[in-house]
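Structure at a glance
Now for the letters of each chain:
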Amino acid sequence: MNLITSRDNPMVKDLRRLSQDSTAYRKLGRVWLEGDHLCRAALTRGVKPEHAVFAESLWATAPREWTQAAERNTVLPDALFAEISNLESPAKMGFILAAPSALDIQAKTPTVVLDRVQDAGNVGSILRSASAFGFKQVLAIKGSAALWSPKVLRAGMGAHFGLHLVEGLSADDLNALDMPWVATSSHQGPFLHTLLAEAKLPMPCAWLMGHEGQGVSAALADRAAVHVRIAQPGGEESLNVASAAAICLHASATCHLA
């Protein structure tokens, strides 16, 4: 165990950046997971952390699954741990992981495409829905929220570790997908519930989820094999993209179960 008390220690400075800068993981090559839920989700999926970090008040009573998870353990005074944390209530422990390297697109894996979805909460929620409904690949077009940022990690609640994630893509990169594309729309295409009743939703497929204000770009929408609308009998103008994704992915996953 290594005890660090200086806020100017290089590792402490890196942790502060990883916790508070949404794209620091790209520069530093590491990802910071804070809290037992995210850490347990990583371990459950077979992810081995490089480093475990504990607040001093937790270290003496930390369970063995935490203290033996990584090759190195570092302990920080509680005040210093709170300083690096980006949470209102610091969780007192976390893991440092190697940042995922660039991955290839899987041509036939059921996929969700994030087309410039910018809100971290929305992105994390979509990742959870994708994992829950069997869409094991998420592809992010440039302009989307950073997939491994602290806010997306917290909103994803561990879904990251069950998904094949590729970010920083262009529209042309999606040519690698060998499946129909399905685009959500507020004004064209049949209603989702109609396609569900008629079992006409393709599977596998790639669902296109668009920017919060602009929707799916014309360049991608024009290449979609299917456009769908979600019935909104209550009369709202539109749905939050994360809500729309949950509805669409559930319908798609269950379309051919009956």
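**A few points about the sheet that holds strand β6 (residues 111-115)**
- In spatial order, the strands read β8-β7-β6-β10-β9-β11; together these 6 strands make up an open sheet with parallel pairing. In this open sheet, the two edge strands, each paired with only one partner strand, are β8 (164-169) and β11 (226-228). On average, each strand axis in the sheet is tilted by 20 degrees relative to the strand beside it, whichever way the strands run.
- In this structure, β6 lies alongside strand β7 (residues 137-141), joined through 4 bridges in parallel fashion.

**Observations concerning the packing of helix α7 (residues 120-132) against helix α11 (residues 241-254)**
- Between α7 and α11, the least distance of the axes is 9 Å, while the angle of their chain directions is 10 degrees. On the basis of the axis angle, α7 is roughly parallel to α11. Listed contacts from α11 to Asn122, Ser125, Ile126, Ser129 and Ala130 of α7 are Val241, Ala242, Ala245, Ala246 and Leu249.
- For the contact of α7 with α11, a count of residues per class yields 7 nonpolar, 3 polar and no charged.

**Describing the pattern of salt bridges**
- Applying the stated criterion across every chain, the model contains 11 salt bridges.
- Salt-bridge contacts for Asp36 lead to Arg40; the nearest nitrogen and oxygen are separated by 3.8 Å. Of this pair, Asp36 and Arg40 both sit in helix α3 (residues 36-44), 4 residues apart, roughly one helical turn.
- For Asp36, a relative accessible area of 39% translates into the label partly exposed.
- A salt bridge links Glu65 to Arg40; its shortest N-O distance comes to 3.7 Å. Of this pair, Glu65 sits in helix α5 (residues 64-67) while Arg40 sits in helix α3; the two residues are 25 residues apart in sequence, bridging distant segments of the chain.
- Taking the relative accessible area as the measure of exposure, Glu65 reaches 40% and is therefore partly exposed.

Rules and cut-offs
- Numbering of residues starts from 1 in each chain and follows the order in which that chain's sequence is written.
- For a predicted model such as this one, the threshold for reporting local features is a pLDDT of at least 70, and the threshold for listing and counting side-chain atom pairs is 80 or more; totals across whole chains, interfaces and linings nevertheless cover every residue.
- Each side-chain value is worked out from all heavy atoms of the structure, with water and hydrogens disregarded.
- Pairing between strands is defined by DSSP: at least two bridges between the two strands are required.
- Strands are runs of DSSP state E lasting at least 2 residues, helices are runs of H or I lasting at least 4, and numbering of each runs from the N terminus.
- Between N-to-C directions, angles span 0 to 180 degrees; the directions come from axes that are lines fitted to C-alpha atoms, helices contributing only their stretch in contact.
- What sets the label is the angle itself: under 35 degrees gives roughly parallel, over 145 gives roughly antiparallel, 65 to 115 gives roughly perpendicular, and the rest give oblique.
- We call two residues in contact whenever any of their non-hydrogen atoms come within 4.5 Å of each other.
- Under the scheme applied here, ten amino acids are nonpolar (Ala, Val, Leu, Ile, Met, Phe, Trp, Tyr, Cys and Pro), four are charged (Asp, Glu, Lys and Arg), and all others, including Gly, are polar.
- Counted as salt bridges are all cases of a side-chain nitrogen of Lys or Arg within 4 Å of a carboxyl oxygen of Asp or Glu.
- Burial classes: relative accessible area under 20% of the type maximum marks a residue as buried, over 50% as exposed, and values in between as partly exposed (1.4 Å probe, protein chains only).

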